[in-house]
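Listed below are the residues making up each chain.
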Amino acid sequence: MQMNIQLPDLIASLNSGFRYLPTTFILSFVPLSAGLVFGTLIALVQVFKVPVLRKIFAVFVSIYSGIPSVVALLIYNLLYITQFNKIAAFFGSSLTVREVSPIYVALFTFSLSSIVLMSETIRGALLSIDKGQFEAGYSVGLTTRQILRRIVLPQVVPVILPPLTNHVVGSIKNTSIVMTIGVMDVLNGAIVPAETTYRFLEGYIASALIYWAVNALLEFLLRRLETHTGKFRNTECTDSATEYKND
Amino acid sequence: MIDFFSWQRLADNFPKLLIYLPVTFGIVGIAAAAGILLGMLIAVVCIRRVPVLNQICTVFISFMRGTPMLVQMLVAYYGIPLLLELLFGVDSRRWPKIVFVYITFALNQGAFLSELLRSSILAIPQGQTEAGLSVGLTPFRTFRRIVMPQAARIALPGLSLDVVGLFQETSLVYMVGVIDVLGRAQTIAAQTGHVLECYILIAVFFVVISLLLRSAFSGFEEKLTYGSREPAAEDADEHSAA
């Protein structure tokens, strides 16, 4: 084992890792958008107490949130590798599993867990809106959709932004587990140079630096957005003000 | 399909995997215990604004929050031996791999829990500390007997979420070669070529553990909040008013 860290290798790894940053972004933002859309739908089902569906979603969410994403990823990847050819053949396609990027498995896995996570967050946020807001809306003749869009949603946004920031940062970090199924992301990209030089530590440190920079920047921007959207909420403002003071 | 999944293999693999669960419990236990201790230290450093240490802690927390657990583990696994050899001349190549996992998880939890503990400690009004000091308790005793018990109650919901999350994160340790349930599944896969049953069993293990943990924690929380209406909200209000 050679001593100390070699700067040229670190820079080579940083370069190589940066090239795969778009993949990491795709892997985190596509599932996040899916989570926002479908998570909201599931949350609405729960809040409006749609009979049977509500029970099904509640059971699914509480069970599925207990499965670590690595385990889920490994299961889906295994199913994908072993079953893809059969299913493609069934639909009359000559595609084989080797020709399709494993990134779709990762996207599927992350989307599902993002939906589950997000539905819980959004449900909590929706429940934090006073019932009187709906009643007031109905009393002036608005439809449920109008109330949701014009009255409830604008109030939900500042409530879900802090947990959403955590989701965004968490999901970017979580994408690194695609290493297990061989998708080229920042982490895998950063150790490409190490495959010839055997300087893996430099590769890992480089990827850590990239993740750190990206997440610190994102967190900073989202926290700015939080104070901005939270402006009209009196209590929120004082709360965050004391928090920042303590920082 | 028969060959792909079989109940027989599922039953056969169940005991083989079950005996590796203690590895996971060990990591969670050590990480949570060390994390709370380290987190408390960092929280106190941040609250007291101890010069240099405060800045170091801020950078440390930011790093731990901003990088993936997997990357931290890999950096620790490759970096700590180097560091040990460089600084102390200790040869750690023969150490069991799980030691590095313990270190990573403890540091990671320390960073995450420090944030939680800091906000819980700050939620206790300053007057409590002053009252303690005024009756002649030492600062340490005031903290341990008066501030900490109240802060613990506020920190508990966050702590329980953290431990549930920690449990799931331990599933990554097989990637540095530690044999936990997933690591065992890989060896079974190498021996038999069948791994789906193992993965399904592991998923079931984790689901059951997380459901049990969550219900245990919520029962515990209910017991603690009995007789006090929403302590967190009340204290937070007082704090911001002060």
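Residues numbered from 1 in each chain as written. Chains lettered and ligands numbered in written order. Predicted model: local features only at pLDDT ≥ 70, side-chain atom pairs only at ≥ 80, totals over all residues.

A look at the overall build of chain B
Then, in step 1: Looking only at helices and strands, chain B features 10 helices and 0 strands.
Then, in step 2: Mapped in sequence order, the helices and strands of chain B form the string α-α-α-α-α-α-α-α-α-α.
Then, in step 3: Viewed in the frame of its principal axes, chain B has a C-alpha envelope of about 70 × 50 × 25 Å.
Then, in step 4: For chain B, the proportion of its 242 residues judged to be buried stands at 33%.
Then, in step 5: In chain B, 79% of the contacts between residues at least 6 apart in sequence involve partners at least 24 apart. (Helix = DSSP H or I, 4+ residues; strand = E, 2+ residues; numbered from the N terminus. Buried ≥ 20, exposed ≤ 12 C-beta atoms within 10 Å, placed from the backbone. Contact = placed C-beta atoms within 7 Å.)

A closer look at the overall build of chain A
Then, in step 1: Along the backbone of chain A there are 11 helices and 0 strands.
Then, in step 2: Counting from the amino terminus, chain A carries its helices and strands in the arrangement α-α-α-α-α-α-α-α-α-α-α.
Then, in step 3: With the C-alpha coordinates of chain A rotated into their principal frame, the extents come out at 70 × 60 × 25 Å.
Then, in step 4: The buried share of chain A, reckoned over its 247 residues, is 35%.
Then, in step 5: In chain A, the share of contacts with a sequence separation of at least 24, taken over all contacts with a separation of at least 6, comes to 80%.

Considerations on the nonpolar core
Then, in step 1: Formed by 85 residues in total, the largest nonpolar core has its most connected members in A:Val71, A:Tyr204, B:Leu70, B:Val71, B:Met73, B:Tyr199 and B:Ile202.
Then, in step 2: When residues of this core are assigned to their parent elements, the largest contribution, 11 residues, is made by helix 2 (residues 21-48) of chain B.
Then, in step 3: Taken domain by domain, the makeup of this core includes at least three residues from each of domain 1 (1-20 + 184-247) and domain 2 (25-181) of chain A.
Then, in step 4: Sequence-distant contacts of B:Val71, that is, excluding residues within four places in its chain, are made with A:Ser176, A:Leu187, A:Tyr204, A:Ser207, A:Ala208 and A:Tyr211. (Core = buried A, V, L, I, M, F, W, Y, C linked by C-beta atoms within 7 Å. Domains from an automatic or database assignment.)

A word on the packing of helix 1 (residues 7-18) of chain B against helix 8 (residues 181-192) of chain B
Any two packed helices are characterised by how steeply their axes cross, that is the angle between the axes, and by the distance between the axes.
Residues and elements named next belong to chain B.
Then, in step 1: Closest axis-to-axis distance for the helix 1/helix 8 pair is 9 Å, and the angle between their directions is 135°. Taken together, the axis directions place helix 1 and helix 8 in an arrangement best described as oblique. Of the two elements, helix 1 crosses helix 8, and the hand of that crossing is right-handed. Every residue of helix 8 that contacts helix 1 at Asn13, Lys16 and Leu17 is listed here: Val181, Arg184, Ala185 and Ile188.
Then, in step 2: When the residues that make up the contact of helix 1 with helix 8 are grouped by side-chain class, the tally is 4 nonpolar, 1 polar and 2 charged. (Axes fitted to C-alpha atoms, helices over the stretch in contact; angles between N-to-C directions. Parallel < 35°, antiparallel > 145°, perpendicular 65-115°, else oblique. Left-handed = near helix turned anticlockwise from the far one by under 90°. Nonpolar A, V, L, I, M, F, W, Y, C, P; charged D, E, K, R; others polar.)

Section: the interface of chain B and chain A
Then, in step 1: Residue-level contacts link 30 residues of chain B with 32 residues of chain A.
Then, in step 2: Residue classes in the side of chain B that touches chain A are distributed as 21 nonpolar, 9 polar and no charged.

What about helix 10 (residues 200-229) of chain A?
Then, in step 1: In a regular helix each residue adds 1.5 Å, so 30 residues correspond to 44 Å; helix 10 of chain A covers 43 Å between its end C-alpha atoms and thus fits that length.
Then, in step 2: Listing the buried residues of helix 10 of chain A in full gives A:Leu201, A:Glu202, A:Gly203, A:Tyr204, A:Ile205, A:Ala206, A:Ser207, A:Ala208, A:Ile210, A:Tyr211, A:Val214 and A:Asn215. (Expected span 1.5 Å × (residues − 1).)

What about the packing of helix 10 of chain A against helix 3 (residues 51-66) of chain B?
Then, in step 1: Between helix 10 of chain A and helix 3 of chain B, the least distance of the axes is 8 Å, while the angle of their chain directions is 100°. When the interaxial angle is binned, helix 10 of chain A and helix 3 of chain B end up roughly perpendicular. Residues A:Tyr211, A:Trp212, A:Asn215 and A:Ala216 of helix 10 of chain A form the contact with helix 3 of chain B, whose own contacting residues are B:Ser62, B:Phe63 and B:Gly66.
Then, in step 2: The class makeup of the residues in the contact of helix 10 of chain A with helix 3 of chain B is 4 nonpolar, 3 polar and no charged.

Things to note about unusual backbone geometry
Then, in step 1: Phi is positive for A:Lys49, close to 55°, though the residue is something other than glycine.
Then, in step 2: With 9 C-beta atoms counted inside 10 Å, the residue A:Lys49 sits in the exposed group.
Then, in step 3: With a phi angle near 50°, B:Arg49 is a residue other than glycine that sits in the positive phi range.
Then, in step 4: Here B:Arg49 is to be found in the loop between helix 2 and helix 3.
Then, in step 5: B:Arg49 gets classed as exposed once you count the C-beta atoms within 10 Å, which come to 10.

Structural notes on the confidence of the model for chain A
All names here are of chain A.
Then, in step 1: For chain A, mean pLDDT is 84; residues scoring 70 or higher make up 91% of the total.
Then, in step 2: Between the elements of chain A, mean pLDDT differs from a low of 44, seen in helix 11 (residues 234-246), to a high of 92, seen in helix 2 (residues 21-47).
Then, in step 3: Note that pLDDT drops below 50 for residues 236-247; the model gives that stretch 11 contacts with residues more than four away or on any other chain. (pLDDT = per-residue confidence, 0-100.)

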